[in-house]
Structures are given as C-alpha cells and as structure tokens.
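Secondary and tertiary structure notes
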Amino acid sequence: MLRLHLHRYLPMTDSYLHIAVVGATGTVGRAMVDILHQRKFPLTRLSLLASSRSVGESVPYGRRDQAVMDADEFDFSDCQIVLMAAGSEVARRIAPKAAAAGALVIDNSAEFRYDEDVPLVVPEVNPQHIAERMTRNIIANPNCSTIQLMLAVAPVHQSLGVEAIQVATYQSVSGAGRAGIDELAKQTMDMLSFQSLEPAFFPVQMAFNVLPQIDRFEDNGFTREEMKIVWESRKVLGNDEIRVNVTAVRVPVFYGHSEAVHLTTRKSVDVAAVRQLLSDSPGVTVVDQPGEGGYPTAVTHAAGQDPVFIGRIRADLDNPHGLNLWVVSDNVRKGAALNAIQIAEFLVKSHL
C-alpha cells in the first residue's frame, strides 16, 4: 500500500483545508475553479490569485463570485495545497515561495517537469512517484498532449511492453491560451467576411490552416512541444529506453487535442485484448466501431468532458508487434485542470 508522509502539509482531519489557485483568471485557472466545485472538492477555504493587474476581478465559484487577490502579495503559510495555473515565469517565482511556506504545490507549467526531485504525475498512471520522488513540496503536471497519450500508452506498456511510440498530434488553439482562441475566432470571422487578415499571435494564418509548429524550434529540428512529449513520456512511464518520435501540429479547433499513435510492443498484439484492456482502464472511454462516425473526435466527444477517448484500434498491417490508436481529450480539462485536481484528490484521500 502506498504511504505518503504528508502530515507536514495536510491536516489530520478534513475540518480545514485551504486551497489556493494561482492564475485563477486564465483559461486553465477558471477551469480549475469550476472543477473544484463540480467535484465537490472538500475544501474549507478557497483563495483565487493572479497578477496585480487582475486584482479586483472576480471568478465564479458555484453560484457566487469570488474576488481575485495578488499572488505576489499573498501569504501561503495557511494553505495546504496550491494549484498553479500560470506560466513558467510565475511558477519560478511563486511555487518555491509557497512550498517554503509549507504548502504542497501542484504546478501546471513546464518549469519543474524535468527536475529529478519533482514527480511528474498522471494519477491514473504513476501516483506512486509522488511518494518516491517528492522532496521539494512540488508536483508537476505533464503537458496536455502527454497526459492523454499516457492514458492510452500506459495500460498497453504494462501488458505488452512498449518499445517505441510514434505520435502525430493535432492540437487545438486553446493549448496556446486565450490569445490562441481569440486569434482563431477573429481570423475565422475576417475570412468569412472577406476581410484581409494579419497573423498576430501565431506565426502564420491559423484559420482554415494546419501549422506543423508548436512552440520554438530546438537545435535538433524538433519543436519544444515535440521534445516535451519525448521527455515527459519517458519520465511518467519510468523508462528512458522507450523510443519516442513526435510531430506536433496546431489545427483550427478551439478545444480538444487529437493524436494518431503507433506503438511498437515487445509482445504480439491482440486487438480484441487491447480493446478490452483500454475499456477497463481508469479515465479512458473506448469509442471504436469500424463504420461512419464510430470513432471519437475532439468536438463531438472530448470538449468539456473528463475522459480520454480512444478509437481506431488497429494492428499494424506488417508488424505483429505494432498497434495503431486514435486518442482525443479536452486539453484544458483533463490535459491541465482536472489532472491537477485529481492529484490533489489523491493526496487528500491517501492522507486522510
């Protein structure tokens, strides 16, 4: 049985549990606040924090609006759990401060993901890494694309042994935040109104287009987004020997990431057994009927939903150790906000 030594962070009873959300006015932060209410998270006090320019704004929590406070001025010594929904710069400044004050920080940025002493956690896959690796009071949320990929890959890896992952992602603009959503909306309206458009946020036109670039290019020719999936997949699965090859693509969809995945396994693939395995896996919903519409899509299945949806489950035509999957998920919900809150739920449940 997993034992967590969290008496320093969480109270021995559920009579008082103070949660803070940093970045509460952003897309992911607002989703975190919504999900805390929807899942009836056992909090006693909720503090919503953001930058100084957002102070005075309010964010709805259930039926009431709650005022936003300045994250830089906030005293974290009374918090048990801090959910970080801000970028790396803010995480670099705020997370260590909150952790030093005694709070347990769950960070959604990339700032700490690759540190050996910070566990990178998908609760359905590797919750044991929390107890094994955490020494700094910080737990990292993986990248949104990595999270949904891991829910598909981990059960297969445990059963058949995955040696290689080939994945092409088709990522919605909400993965780039509010600026990405606004740019796609504006460009779409401009084009349908026969107006000229100039890219402002994305490097080229996003509306009615497909961009084979997410984040900056690295020296090896891969983008940072592609390398995030490589590094994070190996860390979550606890295996640096798995070969991971990624092409990350931005598509003109508002919410929901899609992935075409090919796995190479040590054992031979039995498609029916894999389909049943995935159907029985927590957090996964299989939609796999070989016919018109018998597969999940970002819009019709994933957007606004909790599960990772998997379909198009097929054996490789030429390799008995090859498996093809189609994986979709709401990148803001499961790919960011929900995953962090599930980590918090796991901590509370394991300790209390």
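Below you will find a few notes about this structure. (Residues numbered from 1 in each chain as written. Predicted model: local features only at pLDDT ≥ 70, side-chain atom pairs only at ≥ 80, totals over all residues. Heavy atoms only, no water.)

Tracing the chain through its elements places Ser 47 in strand β2 (residues 45-50). By relative accessible area, Ser 47 is classed as buried at 1%. In this structure the side chain of Ser 47 is engaged in a polar contact, spanning 2.8 Å, whose partner is the side chain of His 18. Here Ser 47 is in contact with His 18, Ile 19, Ala 20, Val 21, Gln 66, Met 69 and Phe 74, once residues within four sequence places are set aside. (Helix = DSSP H or I, 4+ residues; strand = E, 2+ residues; numbered from the N terminus. Buried < 20%, exposed > 50% of the residue type's maximum accessible area, 1.4 Å probe, protein only. Polar contact = N/O pair within 3.5 Å; in protein donor to acceptor, adjacent residues only side chain to side chain. Contact = heavy atoms within 4.5 Å.)

Summed over the entire model, instances satisfying the criterion amount to 16 salt bridges. Between Glu 124 and Lys 334 there is a salt bridge, with the nearest N and O atoms lying 3.1 Å from each other. Highlighted residues: Glu 124 in the loop between β6 (104-107) and α3 (128-133) and Lys 334 in helix α9 (residues 333-351), separated in sequence by 210 residues. What makes Glu 124 partly exposed here is its relative accessible area of 23%. With a closest N to O distance of 3.7 Å, Asp 215 and Lys 228 form a salt bridge. Taken together, the residues Asp 215 in the loop between α5 (178-192) and α6 (224-237) and Lys 228 in helix α6 connect sequence positions 13 residues apart. By relative accessible area, which is 35% here, Asp 215 ends up partly exposed. With a relative accessible area of 13%, Lys 228 lands in the buried category. (Salt bridge = Lys/Arg side-chain N within 4 Å of Asp/Glu carboxyl O.)

Turning our eyes to something else, we now look at a nonpolar patch on the surface. A contiguous nonpolar patch, built from Met 191, Leu 192 and Phe 208 and spanning about 320 Å² of accessible area, is present on the exposed surface. Structurally, the position occupied by Phe 208 is in the loop between α5 and α6. A relative accessible area of 55% means that Phe 208 is categorised as exposed. (Patch = residues over 30% accessible without salt bridge, like charges linked within 9 Å, V, L, I, M, F, W, Y side chains within 5 Å. Areas by Shrake-Rupley, 256 points an atom, 1.4 Å probe, with all protein chains shown as cover.)

A packed helix pair is summarised by two numbers, namely the angle formed by the two axes and the spacing between the axes. In contact at an axis separation of 10 Å, helix α4 (residues 144-160) and α6 are set at 40 degrees when each is read in the N-to-C sense. Compared by their axis directions, α4 and α6 come out oblique. Between α4 and α6 lies a crossing of right-handed hand. Taking contact as the criterion, the partners of Ser 145, Thr 146, Leu 149, Met 150, Val 153, Ala 154 and His 157 in α4 are, on α6, Glu 225, Lys 228, Ile 229, Glu 232, Ser 233, Val 236 and Leu 237. (Axes fitted to C-alpha atoms, helices over the stretch in contact; angles between N-to-C directions. Parallel < 35°, antiparallel > 145°, perpendicular 65-115°, else oblique. Left-handed = near helix turned anticlockwise from the far one by under 90°.)

A few words now on the sheet that holds strand β13 (residues 322-329). Taking strand neighbours across the sheet as the criterion, the six strands line up as β9-β8-β10-β13-β12-β11 in an open arrangement whose pairing is mixed. Where the open sheet ends on each side, the last strands, each with one partner, are β9 (243-250) and β11 (284-286). With direction set aside, neighbouring strand axes in the sheet form an average angle of 20 degrees. Across eight bridges, the pairing between strand β10 (residues 257-265) and β13 is antiparallel. Directly across from Thr 264, in β13, lies its bridge partner Gly 322. Each of β8 (162-171) and β9 touches α6; the most contacted strand, β9, lies at about 140 degrees to it. (Pairing = 2+ DSSP bridges.)

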